[in-house]
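Notes for the structure review
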Amino acid sequence: MSTVILLCGGLNIELRPFTDYTPKCLLPIKNKTILEWNLEWLEKNNFKNVIINESFCIPQMELAIKKYKGSLKIQQRTEKILLGTAQSVYEYSFGLDEDFLVINGDNLYNFDLRKMYESHLKTNANCTVAIHDTTKHEKNKSVVKLTENGMIEKIIPRSNFKFKKPTAVFAGVGVVKPKFREQINLRKDVDFWSNTLSRKSEQLMPYKINEGLTCFNSPSEYNRINETYRTIDHFFIGHERY
């Protein structure tokens, strides 16, 4: 497995005003963008090829990728009209003859991908998805209901209720066999995670991660973890806010 589809085309309106002028993957954490952190992580896990989709603030994305000097071979895929992650995965996986990785490019990762791939090979699943437990009071994430044996029983796409206790949800990482591409229904599926995977839960194998994942889905969460700007006003220096 050497190829990654890194999904970076979303608008992420839930993070406005931070994402009014900047793609979420280009927001800085500790003075590096999420994209930089994730590319370094993929390098560390010995990947070679990365396909990045882009749709919002394309010149910023092009400049960020141009500045990248690492070992990964990056292919850009520009979507002037946002396709949706299901169609993006379908199109960009065309011609791949080995397992590939699909990643949400707006989360921050730092776990051992090779261990996840080893688990995928042992189970021979069509798709292995990373899951993690949410903290309390989060919402709008696809809940993964597990059986007593740790298998996926049911997926509740993008639940809008707040969780009262830690609950298993998608982590935005999947190891996919090429033949699973055929399971994407382009007429019905918009989101790869909440549409395609929820319909094909019997073909999925969960992989639990307990660390190495940072998710944020609100301005207050980003303001708390970014460690780059002291306040929201510092972020907007040089930007027109109104």
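None of the values given here were measured: they were computed from a predicted structure.

**Notes on helix H4 (residues 113-123)**
Buried within H4 we find Leu113, Met116, Tyr117 and His120. Down the axis of H4, the buried side of the element spans an arc of 100 degrees, and every buried residue falls inside it. For H4, the exposed residues set more than 90 degrees away from the buried face come down to Lys115 and Lys122. In the core, the buried residues of H4 are packed alongside helix H1 (34-44), strand S6 (100-104), strand S8 (127-133), strand S11 (168-176) and strand S12 (204-208). Two to three positions downstream of the cap, the backbone nitrogen of Arg114 sits 3.0 Å from a side-chain oxygen, assigning the N-cap of H4 to Asp112.

**Quick word on unusual backbone geometry**
Positive phi, normally seen in glycine, also occurs at Lys30, with a value near 55 degrees. The backbone of Asn124 sits at a positive phi, close to 60 degrees, despite the residue not being glycine. Turning to its location among the elements, Asn124 is positioned in the loop between H4 and S8. Judged by relative accessible area, Asn124 falls into the exposed class, the value being 53%.

**Side note on the pattern of salt bridges**
A full pass over the atoms with the stated rule returns three salt bridges. Taking the shortest distance from any N to any O, the salt bridge between Lys32 and Glu40 comes out at 2.8 Å. Glu40 sits in the partly exposed class, given a relative accessible area of 36%. Notably, a salt bridge pairs Asp189 with Arg199, separated by 2.6 Å at the nearest N-O pair. Here the residue Asp189 occupies a position in the loop between S11 and helix H5 (192-199), and Arg199 occupies one in helix H5, the gap between them amounting to 10 residues. Of the residues examined, Asp189 reaches a relative accessible area of 7% and is grouped as buried.

**Re the pairing of strand S5 (residues 73-78)**
Where strand S4 (residues 49-54) meets S5, six bridges bridge the pair, whose relative direction is parallel. Bridging from a neighbouring strand, Val50 pairs with Ile74 of S5. Where the polypeptide runs from S4 across helix H2 (residues 58-67) and back to S5, its parallel neighbour, the crossover connection is right-handed.

**Some thoughts on the nonpolar core**
Taken as a class, soluble globular proteins show a tendency for nonpolar side chains to be buried jointly. The biggest cluster of nonpolar side chains holds 30 residues, and the ones touching the most others in it are Leu42, Leu101, Ile103, Leu113 and Val173. Secondary structure elements with two or more residues in this core: strand S1 (3-7), H1, S4, H2, S6, H4 and S11. For this core, the element with the highest residue contribution is H1, accounting for four residues. Beyond its immediate chain neighbours, meaning those up to four positions away, Val173 contacts Leu101, Val102, Ile103, Tyr109, Phe111, Leu113, Met116, Thr128, Val129, Ala130 and Trp193. Formed by 23 residues, the second largest nonpolar core is a distinct cluster that contains Ile5, Ile51, Phe100 and Ala168.

**Observations concerning H1**
If you check which residues of H1 are buried, you get Ile34, Leu35, Asn38, Leu39, Trp41 and Leu42. Within H1, the buried residues cover an arc of 160 degrees as seen down the axis, which keeps them to one side. Positive backbone phi, approximately 65 degrees, marks Asn46, located one or two places after H1.

**Structural notes on the environment of Pro23**
Inspection of the secondary structure assignment puts Pro23 in the loop between S1 and strand S2 (28-29). Once residues lying within four places of it in the same chain are set aside, the contact partners of Pro23 are Phe56, Cys57, Gln60 and Met61.

**Notes on the environment of Glu36**
Relative to the elements of secondary structure, Glu36 occurs in helix H1. Along the chain, Glu36 and Ala64 lie 28 residues apart, while their C-alpha atoms are 8.6 Å from each other. Engagement of the side chain of Glu36 in a polar contact is seen with the backbone nitrogen of Thr33, the distance being 3.0 Å.

**Thoughts on the pairing of S6**
Within S6, five of the five residues are buried, leaving the element largely enclosed by the surrounding structure. Here S6 shows two buried faces, one formed by Phe100, Val102 and Asn104 and the other by Leu101 and Ile103. Sheet topology note: the S1/S6 ladder contains five bridges and is parallel. Note that in S6 the partner of Val4 across the bridge is Leu101. Two strands pair when backbone bridges link them, and S6 and S11 are joined in this way by four bridges, in the antiparallel orientation. Paired with Val102 across the two strands is Gly174, which belongs to S11.

Analysis parameters
Residues numbered from 1 in each chain as written. Predicted model: local features only at pLDDT ≥ 70, side-chain atom pairs only at ≥ 80, totals over all residues. Heavy atoms only, no water. Buried < 20%, exposed > 50% of the residue type's maximum accessible area, 1.4 Å probe, protein only. Helix = DSSP H or I, 4+ residues; strand = E, 2+ residues; numbered from the N terminus. Arc of directions from axis to C-beta. Contact = heavy atoms within 4.5 Å. Polar contact = N/O pair within 3.5 Å; in protein donor to acceptor, adjacent residues only side chain to side chain. Salt bridge = Lys/Arg side-chain N within 4 Å of Asp/Glu carboxyl O. Pairing = 2+ DSSP bridges. Right-handed = clockwise from strand over helix to strand, strands pointing away. Core = buried A, V, L, I, M, F, W, Y, C linked by side-chain atoms within 4.5 Å.

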